[in-house]
Amino acid sequence: MAANAAGAAVIAANNKLFFIPAAFGSAVDDQKQIMLDGEAMGIGSSDAGVAVTTTNNSLYLVSMVDVDSEKRCDLNGVAGAIVVKDTNVAVSVGNQIATVDGSGITDATDCGETPVITTPPGSTKFGERMLLGNFDGDSDANDLVVTANNAVYVYMNFPTTNTMTTIPTPPGSVAFGAAIAVGDLDGDSRDELVIGDPMHVIGAHPEAGKAYIYGTSTTAGEFEEPIVLHDTRAEDNQRFGQSLAVTSANKLIVGAHNEVFTYVRTPLAGDVDFRN
């Protein structure tokens, strides 16, 4: 489990949080680490710092200005995924999404989280994964993507209006939302939402996998019909879409079992992507 913050790589492993300088040639002694009170459940970052939830329902807040002065508070429920925007934290707690004002936290106290979103009816594993994006073109990455079991929801203008959009689960999907990524792939100043379903059956190939790219065409943030990606030479248990990433160069990286696929937009093909 990893994140990036203020030019440093942040990795959670073995009940520790490691901060590795961006200069990979740095000496090992330059790295810093923080002991956690349990296994990391979620990790999120902004330029200001890093937030981590643990299996002991704790929330750790670490400023990139002073890594050694971390704060820890107690959440009122089972902690899960987390995202950070400035000094504010959105965290999956129990069956809801709550916000925490990181600037007001003192060490070893109640986090004082404020519930803002409850689980939609019929959903399970709500809040397993979360990301922030800008789908309405307002130049603010304040639209929250939340996954559940084979379901994906988007809450526009989080945490103020929280207007919910349900992304329709494609027919035949069983693991829709197993991976998510956001990024502006087509240069229209609005992010695309990429959703993986690595268990999708293609033809006679079980668990071949697919990924779906959802764009928006209006400032209201309404999602269009997706572009569907999969390997044209699908294989059994390939699990295409089990991991996703959008790079700073607007490339889409799709992970599969023992394979990585790279998609780029070309000026000749418009919305048609090709595989490297």
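One can find the structure itself at the top, above this paragraph.
Cut-offs and rules
Residues numbered from 1 in each chain as written. Predicted model: local features only at pLDDT ≥ 70, side-chain atom pairs only at ≥ 80, totals over all residues. Heavy atoms only, no water. Helix = DSSP H or I, 4+ residues; strand = E, 2+ residues; numbered from the N terminus. Buried < 20%, exposed > 50% of the residue type's maximum accessible area, 1.4 Å probe, protein only. Phe/Tyr/Trp six-rings, centres within 6.5 Å; stacked < 30°, edge-to-face > 60°. Pairing = 2+ DSSP bridges. Axes fitted to C-alpha atoms, helices over the stretch in contact; angles between N-to-C directions.

K.L.:
Would you mind going over unusual backbone geometry with me for this structure?
P.N.:
In terms of backbone geometry, most residues other than glycine have negative phi values and most peptide bonds are trans. Pro 159 follows Phe 158 through a cis peptide bond whose omega is 0 degrees. Secondary-structure assignment places Pro 159 in the loop between β16 (151-156) and β17 (163-167). Phi is positive for Asn 150, close to 60 degrees, though the residue is something other than glycine. Counting through the fold element by element, Asn 150 comes out in the loop between β15 (143-148) and β16. One non-glycine residue, Asn 258, lies in the positive phi region at around 60 degrees. If you trace the backbone, Asn 258 turns up in the loop between β23 (252-256) and β24 (259-265). Residue Asn 258 is classed as exposed on the basis of its relative accessible area of 71%.

K.L.:
Can you walk me through the packing of aromatic side chains in this structure?
P.N.:
By convention here, two paired aromatic rings are described through the distance between centres and the angle between planes. Overall, the coordinates contain six aromatic pairs when judged by the stated rule. For the ring pair Phe 240 and Tyr 263, a centre distance of 6.5 Å and an interplane angle of 90 degrees mean the geometry is edge-to-face. With a gap of 23 residues between them, Phe 240 in the loop between β21 (227-229) and β22 (243-246) and Tyr 263 in strand β24 connect regions that are remote in the sequence. With a relative accessible area of 7%, Tyr 263 lands in the buried category. Through a chain of ring-to-ring contacts, three or more aromatic side chains come together here, namely Phe 176, Tyr 212 and Tyr 214.

K.L.:
It is not clear to me how the pairing of strand β10 (residues 88-93) should be interpreted in this structure. Could you clarify?
P.N.:
When a strand is regular, its side chains alternate between the sheet's two faces. Among the six residues that make up β10, five are buried, leaving the element largely enclosed by the rest of the structure. In this sheet, β10 lies alongside strand β9 (residues 79-85) in antiparallel orientation, the contact comprising five bridges. Each residue of the ladder has a partner; that of Val 84, found in β10, is Val 89. Counting the residues between successive antiparallel strands, the hairpin from β9 to β10 contains two residues, one of them, Asp 86, with a positive phi of roughly 60 degrees. Pairing analysis gives six bridges linking β10 to strand β11 (residues 96-101), with the strands arranged antiparallel. Directly across from Asn 88, in β11, lies its bridge partner Asp 101. Hairpin geometry of β10 and β11 is characterised by an intervening segment of two residues between the two adjacent antiparallel strands and by a positive phi of about 65 degrees at Gly 94.

K.L.:
Just checking my understanding: could you explain the side chain of Asn 142 for this structure?
P.N.:
Turning to its location among the elements, Asn 142 is positioned in the loop between β14 (130-133) and β15. Taking the relative accessible area as the measure of exposure, Asn 142 reaches 9% and is therefore buried.

K.L.:
Mind showing me how you'd approach the sheet that holds strand β18 (residues 179-183) here?
P.N.:
Consider a sheet: its strands pair through backbone hydrogen bonds, and that pairing is either parallel or antiparallel. Strands sit in the order β18-β19-β20-β21 across an open sheet of four strands; the sheet is antiparallel. Each having just a single partner strand, β18 and β21 make up the two edges of the open sheet. Strand after strand, the sheet turns through a mean of 20 degrees between neighbouring axes, direction not considered.

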